Each structure stands twice: as C-alpha cells, then as structure tokens.
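Residues per chain, in single letters:
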Amino acid sequence: MFARSSIVFELQHYRLHSQKVEALLEQEMQTLKAGHEEVTKDWPDFERAEFFENAHDDYWELEKVFPEIQRKSSVISVYSVLENNLNHLCSLYSNITESEIELKDFGETDIIKRAQVYLTKVAKVDFPRDHSSWNEIQKIQQIRNKLVHAQGLIPSGNQKLISYIKESPSLELSDGYKISIQKGFVEHCTEVFGDFFDEFFTRNN
C-alpha cells in the first residue's frame, strides 16, 4: 500500500511541475508582449515593426526553445520514475520471496524489460504485459531513448513509432523525422504510467 501511494504522489508531482512550468513560460510571454506593446504604443508603425523584429529572438526562446528544453527534460525525468519504481518493486518482492536470484543477475540492459522478466519469472506476479498501458510504455521508452541517444531522430523505417507519434496530439515529427515534444505529453506519460501501476497493484492485491 505504501509503494502504491508513493508512486501516485511522485507521478502527481511531475504532472503538476510540468503544468506550472508551462504556465510560467506562457505568463512570461504575455508579460513581455504587454510590456513591448505599452512601450511602443505611440511609435510610428515602421518603428514598431522594426522593434518587434529585433525582439524576435526573445519571443522565439519563450515560445519555442525553452518549452522544448523543459518538455524533453521532463519526459526523460518522468521515465526514470517508471524505471526506479519497477526496480523498487523487484526489490520488495525479492525481500518477500527471499529468492537467491537478484535483479542484477539478469543480463538485460533494458531496465523495464529486465524488471518485467524478474517480476514474471522470479516473483511470479501477474505482470500486465497485455494491458494497453504497457504497450504504450514501450513506445514512450523508444521516444525517451531517441531523445537521449539520437537527438530525437526517428529512423524512417520505424513505422509503428512514426504512426504513434503522428496520432498523438502532443507529439510532432518534422520532415527530417525529428520528434518534437508538445504541451501535454509529459502529463500524458504520467497518466500512462499511473494506469500501468494501478493495473499491476489491482492484479496483485
């Protein structure tokens, strides 16, 4: 029960953090625009146009650059919550079963795959690999890996992942197959992870 509550609160913190940072960046953009409008309200049109052209980089950073940095960082961070809590569940079950087999004995470099194998084969729990949340987690894992290791570039032959990205309202893919995290995706990740852990604890109550 403590583990379940802890995961819920941790995911909630990441969701609220993402929402607050998005709101702060939007507020800063509005404040910047309002300040510029006030300063230039009596200027001739050509001077105002030149002023706003020179301020383009400030708007671009607040509207595009900073949100993308924040979202990328948040996706990577919240994914680590999934990995850490799967590892923690393995540790809990290891203590309960007093098994001599430890998580580190599995050679899988894929952390969530390793946890799945341990919980299924050693702890003998009902792992929800057939649940929709687990299927989506594997897509999110691919996105996280591409953000960390490939600057967000998706191989053009990975049609399943490309389809997932194109169908998501909070993801975009450039012509060069580079993924862009949009507003709402971090919150979506917390919901998917939360659904998975809810299903896990429901099956293994």
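Above: the structure in question.
Residues numbered from 1 in each chain as written. Predicted model: local features only at pLDDT ≥ 70, side-chain atom pairs only at ≥ 80, totals over all residues. Heavy atoms only, no water.

1. Here's the deal with the nonpolar core
To keep it simple, the criterion reads: Remark: nonpolar core denotes a set of buried residues (Ala, Val, Leu, Ile, Met, Phe, Trp, Tyr, Cys) joined through side-chain atoms within 4.5 Å. Relative accessibility under 20% of the residue-type maximum defines a buried residue, over 50% an exposed one, and the middle range a partly exposed one, all with a 1.4 Å probe and only protein chains included. Runs of H or I in DSSP of at least four residues are treated as helices and runs of E of at least two as strands, each being numbered from the N terminus.
Within the largest apolar cluster, 43 residues are counted, with the highest numbers of intra-cluster contacts made by L86, L119, I143, F185 and F193. The set of elements that each furnish at least two residues to this core consists of α1 (2–40), α3 (56–97), α4 (111–122), α5 (132–149), α6 (159–167), β2 (179–181) and α7 (185–203). Membership of the second largest hydrophobic core comes to 6 residues, among which are V21, L25, M29 and Y59.

2. Observations concerning the side chain of E187
Spelled out, the test is: For the charge count, each Lys or Arg is scored as positive and each Asp or Glu as negative, with His and the chain ends excluded. We count a salt bridge whenever a side-chain nitrogen from Lys or Arg sits within 4 Å of a carboxyl oxygen from Asp or Glu. Whenever a nitrogen or oxygen atom comes within 3.5 Å of another N or O atom, the pair is scored as a polar contact, on the condition that within protein one atom can donate a hydrogen and the other can accept it, and that pairs from neighbouring residues in sequence are kept only if both atoms are in side chains.
Take E187: it is sitting in helix α7. Salt bridges are absent for the buried E187, whose nearest opposite-charge side chain, K183, sits at 7.3 Å. Here the side chain of E187 touches S18 through a polar contact of 3.4 Å, side chain to side chain.

3. Comments concerning the packing of aromatic side chains
We count it as follows: Two aromatic rings from Phe, Tyr or Trp, using only the six-membered ring of Trp, form a pair when their centres are within 6.5 Å; if the ring planes differ by under 30 degrees the pair is stacked, by over 60 it is edge-to-face, and anything between is tilted.
Following the criterion strictly, the structure yields 12 aromatic pairs and no others. Measuring from centroid to centroid gives 6.4 Å for Y93 and F200, while their planes differ by 80°, and the two rings are edge-to-face. Within this pair, whereas Y93 is found in helix α3, its partner F200 is found in helix α7, the two being separated by 107 residues in sequence. For the residue pair Y93 and F200, the accessibility class agrees, reading buried in each case. Taken together through their ring pairs, the aromatic side chains of Y93, F127, W134, F196, F197, F200 and F201 make up a single cluster.

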